[in-house]
Amino acid sequence: MKNLNIGLIGYGFMGRAHSNGYRRVNNFFDLEYQPVLKAACGRSKEQAEAFAKQWGYESVETDWRKLIERDDIDAIDICTPNNTHAEMAIAAAEAGKIVLCEKPLALNAEQGAKMVEIIEKTGKPNGVWYNYRRVPAVTLAKQLIDDGKLGKIFHYRANFLQDWTISEDLPQGGAALWRLDAAAAGSGVTGDLLAHCIDTAIWLNGGISSVTAMTETFIKERKHNLTGKVEKVGIDDACAFLCRFDNGSLGLFESTRYARGHKALYTFEINGEHASIKWDLHDLHRLEYFDHRDESRVRGWRSIHVTDGDMPYMGNWWVPGLQIGYEHSFVHQVADFLTALAKGERFRPDFRDAQETQLICDAVLKSGANGSWENVAKP
Ligand code: SOE
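For every chain, the first residue of the written sequence is number 1, and numbering continues from 1 along that sequence. Selection of residues for local features in this predicted model requires a pLDDT of at least 70, selection of side-chain atom pairs for listing and counting requires 80 or more, and totals for whole chains, interfaces and linings are taken over all residues.

Points about the overall build of the chain
Next up, step 1: To qualify as a helix, a DSSP run of H or I must reach at least 4 residues; to qualify as a strand, a run of E must reach at least 2; elements of each kind are numbered from the N terminus. Assigned secondary structure in the chain consists of ten helices and 17 strands.
Next up, step 2: Viewed in the frame of its principal axes, the chain has a C-alpha envelope of about 65 × 55 × 40 Å.
Next up, step 3: Counts of 20 or more other C-beta atoms within 10 Å of a residue's own C-beta define buried residues, counts of 12 or fewer define exposed ones, and intermediate counts define partly exposed ones; C-beta atoms are placed from the backbone. Taking all 379 residues of the chain together, the buried fraction comes to 49%.
Next up, step 4: Within the chain, contacts between residues at least 6 apart in sequence are counted, and of these 69% link residues at least 24 apart. By the criterion used throughout, residues are in contact when their C-beta atoms, derived from the backbone, lie within 7 Å.

Right under this line is the structure:
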């Protein structure tokens, strides 16, 4: 088996999700490559050491530039806040590393374009962690659409609803709360949550040509954890947009962190000429399917329990009827990345795919600010 030596930057939520993917992948998938957890990097030596011990990393770095310089690292995995992605990814690419970057690709499409340009110049494999593509029920949706089961698609509808920022006492900035700080996150729900919905949508239903959006920041000022002062909030707390897809279908997307009662309600529904499908992250192992071609006496929504061995990825897990969860989408991402690497094939979504999402997010934010319809540029 060939080794792929991983250097991971950032030990928060995503550092754990990715590390879990690396650790478990070879237990469940037969692959030519195995990830080796060479080094974990974070600014606090103590926390990086604790993380390395818990997840089995061989060594620790506190300066990401030193990690990138190391000859014993093949791939740099970036799990840090969005404002660091471009600088780290570009430096890693220039040092000849494979680069895996947490979503969204960058703060904005300008940074994203530079990242795509440089990584493509190096020819090095790269990927972005839009993990929901690899939930088996979502992959099944892709298969059904590609097989033509839905026919011509008319509507694409997606939501990503949360409720964790409603309190005005919640500060912005620093560990965990950098998502509320525009300087660190770039945007609010658009880059954090709608980016997932957009990535899935363009994968399932093709490109988006134009958008019109409405954004709102409900709490205008919050204490900033890094300065200790009450500062203006620069992120979008909520965003809804309409769009046109290249295939002529119409899209409706909504995301908020102010939907009391919803923790991570990511849902999508697609309506085609023959059939419709819908999916819900809170019930992620099911795909709902309605086919108008069924005999009318038995026609109705079916709830497909995506656990059989012939369903995407499921042959690698347990026996039919036993489901898997959120963390497995990261295991699948690692498995697919290592397979693409072994075959010398392009992994998707890569930086170029993620830049398509970034350009849509930028157009949404621009439209949200001025109320216009915006045409979306292609990467
Ligand atoms: C935000 O709460 C968040 O953790 C996102 O950053 C993730 O990308 C999403 O998958 C779940 O919600």
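What to know about the domain arrangement of the chain
How large an interface is tends to be reported as the accessible area lost when its parts come together.
Next up, step 1: Domains are outlined according to an automatic or database domain assignment. Per the domain assignment, the segments making up the chain are domain 1 (2–130) and domain 2 (132–375).
Next up, step 2: Just the C-alpha atoms count here: the centres of domain 1 and domain 2 sit 23 Å apart.
Next up, step 3: On the side of domain 2, 37 residues touch domain 1, which itself brings 35 residues to the contact.
Next up, step 4: Elements supplying a minimum of two residues to the side of domain 1 that touches domain 2: helix 1 (13–28), strand 2 (33–41), helix 5 (109–122) and strand 6 (126–128).
Next up, step 5: Looking at the side of domain 1 that touches domain 2 element by element, the count peaks at eight residues for helix 1.

Observations regarding the sheet that holds strand 15 (residues 286–291)
Next up, step 1: The pairing criterion for strands is at least two bridges between them, as found by DSSP. Read across the sheet, nine strands follow the order 16-15-14-13-7-12-11-8-17 without closing on themselves; strand pairing throughout is mixed. Only two strands of the sheet have a single neighbouring strand rather than two, namely strand 16 (302–305) and strand 17 (373–375). Going from strand to strand, the sheet's axes swing by 15° on average, the running direction of each strand aside.
Next up, step 2: Bridge count between strand 8 (residues 208–216) and strand 11 (residues 238–245): eight bridges; the pairing is antiparallel. Residue Val211 lies in a different strand from strand 11, and its bridge partner there is Cys243.
Next up, step 3: Lines are fitted to the C-alpha atoms to define the axes, a helix being fitted only along its stretch in contact, and any angle between axes, read from their N-to-C directions, falls within 0 to 180 degrees. Sheet strands in contact with helix 6 (residues 136–146) are strand 14 (275–280) and strand 15, and its direction is about 165° off that of strand 14.
Next up, step 4: The strands touched by helix 10 (residues 351–370) within the sheet are strand 8, strand 11 and strand 17, with strand 8 carrying the most contacts at an inclination of about 50°.

With respect to the environment of Trp178
Next up, step 1: As for its placement among the helices and strands, Trp178 is situated in the loop between strand 7 (153–161) and helix 7 (182–185).
Next up, step 2: For the pair Trp178 and Asn82, spaced 96 residues apart in the sequence, the C-alpha separation amounts to 9.1 Å.

Some points on the packing of helix 6 against helix 8 (residues 189–205)
Packed helix pairs are specified by the crossing angle of their axes together with the interaxial distance, meaning the distance between the axes.
Next up, step 1: Between helix 6 and helix 8, the shortest axis-to-axis distance is 9 Å and the interhelical angle comes to 30°. Classified by the angle between their axes, helix 6 and helix 8 sit roughly parallel to one another. Counting all contacts with helix 6, which are made through Val138, Ala141, Lys142 and Ile145, the residues of helix 8 involved are Thr200, Trp203 and Leu204. In this scheme, roughly parallel covers angles under 35 degrees and roughly antiparallel covers those over 145, while 65 to 115 is roughly perpendicular and the rest are oblique.

Topic: the sheet that holds strand 1 (residues 2–9)
Next up, step 1: Across the sheet, which stays open at both edges, the six strands sit in the order 3-2-1-4-5-6 with parallel pairing between neighbours. This sheet does not close on itself; its edge strands, each paired only once, are strand 3 (59–61) and strand 6. Sheet twist, expressed as the mean angle between neighbouring strand axes with direction ignored, is 25°.
Next up, step 2: Examined bridge by bridge, strand 1 and strand 2 share eight bridges and lie parallel to one another. Bridged to Leu4 within strand 2 is Pro35.
Next up, step 3: Taken strand by strand, helix 2 (residues 45–55) contacts strand 2 and strand 3, and its axis lies near 155° from that of strand 2.

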